[in-house]
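Reading the structure
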Amino acid sequence: MQLIEKIVSSGEGVLNDEYDMTYFQGDDLFSKNRPRGLPIGNLTSQFWANVYLNELDQFVKQKLKVRAYLRYADDFALFSNDKAELREWRNAVVDFLAGLRLTIHAENAHARPAWKGITFLGFILFPDHRRLKPPKGYAFRRRWKHLYSMRKDGRLSPDDLKIHAVAWANHARYGDTWNLRRKILNSVNL
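Throughout, residues of each chain are indexed from 1 in the direction in which the sequence is written. Thresholds applied to this predicted model are a pLDDT of at least 70 for local features of residues and 80 or more for the giving and counting of side-chain atom pairs; totals over whole chains, interfaces and linings are not thresholded and use all residues. The basis for the side-chain values is all heavy atoms of the structure; hydrogens and waters are excluded.

Details of the pairing of strand β1 (residues 68–72)
Selection criterion: Exposure is judged per residue with a 1.4 Å probe applied to protein chains only, and the accessible area is read against the type maximum: over 50% gives exposed, under 20% gives buried, and values in between give partly exposed. A helix here means a DSSP run of H or I that spans at least four residues, while a strand means a run of E at least two residues long, and both kinds are numbered starting from the N terminus. Pairs of strands are assigned from DSSP output, requiring at least two bridges between the strands.
Alternating residues of β1 divide into Tyr69 and Arg71, all buried, and Ala68, Leu70 and Tyr72, none buried. Here β1 pairs with strand β2 (residues 75–79) via five bridges, running antiparallel. Bridge pairing in β2 links Tyr69 to Leu78.

Details of the packing of helix α4 (residues 134–152) against helix α6 (residues 178–185)
Between two packed helices, what matters for the description is the angle formed by their axes and the separation of those axes. The criterion, for reference: Axis angles are defined between N-to-C directions and span 0 to 180 degrees, where every axis is a line fitted to C-alpha atoms and, for a helix, only to the segment in contact. Orientation is classified from the angle alone, with under 35 degrees giving roughly parallel, over 145 giving roughly antiparallel, 65 to 115 giving roughly perpendicular, and any other angle giving oblique. Each helix crossing is assigned a hand: it is left-handed if the near helix lies turned anticlockwise from the far helix by less than a right angle, otherwise right-handed if that turn is clockwise. The contact criterion used throughout is that any non-hydrogen atoms of two residues lie within 4.5 Å. Each residue gets one label: Ala, Val, Leu, Ile, Met, Phe, Trp, Tyr, Cys and Pro are nonpolar, Asp, Glu, Lys and Arg are charged, and the others, such as Gly, are polar.
Where α4 contacts α6, the axes come no closer than 10 Å and their chain directions differ by 20°. By the criterion of interaxial angle, the relationship of α4 to α6 is roughly parallel. Here the hand of the crossing between α4 and α6 comes out right-handed. Here Gly137, Phe140, Arg141 and Trp144 of α4 come into contact with α6, specifically with Leu180, Lys183, Ile184 and Leu185. Taken together, the residues of the contact of α4 with α6 sort by class into five nonpolar, one polar and two charged.

Okay, structure coming up:
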């Protein structure tokens, strides 16, 4: 239990400046000091997401009776041919998650036709191809330029620069991103 507590608490403060504070029923003035965040990227992140969000899985499948539902860590999608039903489910999920002291990214959680692509795990999924979400490419392009300048200044070793490049390229390769990867990674003169 001490090891679990240490791992979970390693994420404290990670989200404090990134997101506005969300208050839940029963919170008081001291809730602002409540630790927020999980150690995303830690080897246990997926495990903890599965443990904590098992209740969500059960709620969606058993209470809402959603026939087509998928979840990986904190990214999930519900499928229906009825837009009104999707809106009802969204509201029910928001209420349920509030009971777990969790929120969703409201700007990303909306009903859309599958032919426009399904946003999931940083990609936009179509029946015949996958695209990296544009913000993911833009963010890495900025990060890559920063990492390269750190390498030029001697603040980053060649091996560390390569680790960052390989990690991003391995994620991005699950989409149709050959040209994007080549363009970004070749944008600096190594």
